[in-house]
Amino acid sequence: MAGTLGAGSFRDGTRVAAARPELTAAMCGGNAEAVLDALDAVLADLAAARAALDGADPITTLVPWLTPGHTARLEWPPTPGETADLPARADVLLRLGRVGGWVTSVADDGKTVRAVRPA
């Protein structure tokens, strides 16, 4: 049912969920401190959004909250640079993420990823 309601945004919004759970767990577990900080920030933002929806003028209150995400999406992706096949290891993927790169595909055997580094 949820898939039929998701339309085109479901694919983009669930891209990470398409990765093997072990790979995502390795990415999160290998960077647990930063992930915990990010989760705390997300929880605080969600509480603020919840409070805004309870307010007298939720649309006006939500627009500033939503604007940074809108701006970030309009500016993404950065200009792509070189493409490389990399081992699907947590340390490699963390380094890729730190330089602003992204994974475009995962090999069928799950041992390598095709990735793009920004120019």
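Reading guide: rules and limits
Residues numbered from 1 in each chain as written. Predicted model: local features only at pLDDT ≥ 70, side-chain atom pairs only at ≥ 80, totals over all residues. Heavy atoms only, no water. Salt bridge = Lys/Arg side-chain N within 4 Å of Asp/Glu carboxyl O. Buried < 20%, exposed > 50% of the residue type's maximum accessible area, 1.4 Å probe, protein only. Core = buried A, V, L, I, M, F, W, Y, C linked by side-chain atoms within 4.5 Å. Helix = DSSP H or I, 4+ residues; strand = E, 2+ residues; numbered from the N terminus. Contact = heavy atoms within 4.5 Å.

**Digging into the pattern of salt bridges**
For step 1, the next point in the chain: Scanning all chains against the criterion turns up six salt bridges.
For step 2, the next point in the chain: Across the pair Asp 91 and Arg 89 runs a salt bridge, and its minimum N-O distance is 2.9 Å.
For step 3, the next point in the chain: Residue Asp 91 is classed as partly exposed on the basis of its relative accessible area, which comes to 35%.
For step 4, the next point in the chain: Three or more residues joined by partner-sharing salt bridges are found here, namely Arg 89, Asp 91 and Arg 95.

**Thoughts on the nonpolar core**
For step 1, the next point in the chain: Counting 10 residues, the largest nonpolar core consists of Ala 19, Leu 23, Ala 84, Leu 86, Ala 88, Val 92, Leu 93, Leu 96, Val 113 and Ala 115.
For step 2, the next point in the chain: For this core, the secondary-structure elements that each account for two or more residues are strand E1 (80-87), helix H5 (90-98) and strand E3 (112-118).
For step 3, the next point in the chain: Broken down by element, this core gets its largest block of residues, three residues, from H5.
For step 4, the next point in the chain: Aside from chain neighbours lying at most four places away, what touches Leu 86 is Val 92, Leu 96, Lys 111, Thr 112, Val 113, Ala 115 and Arg 117.

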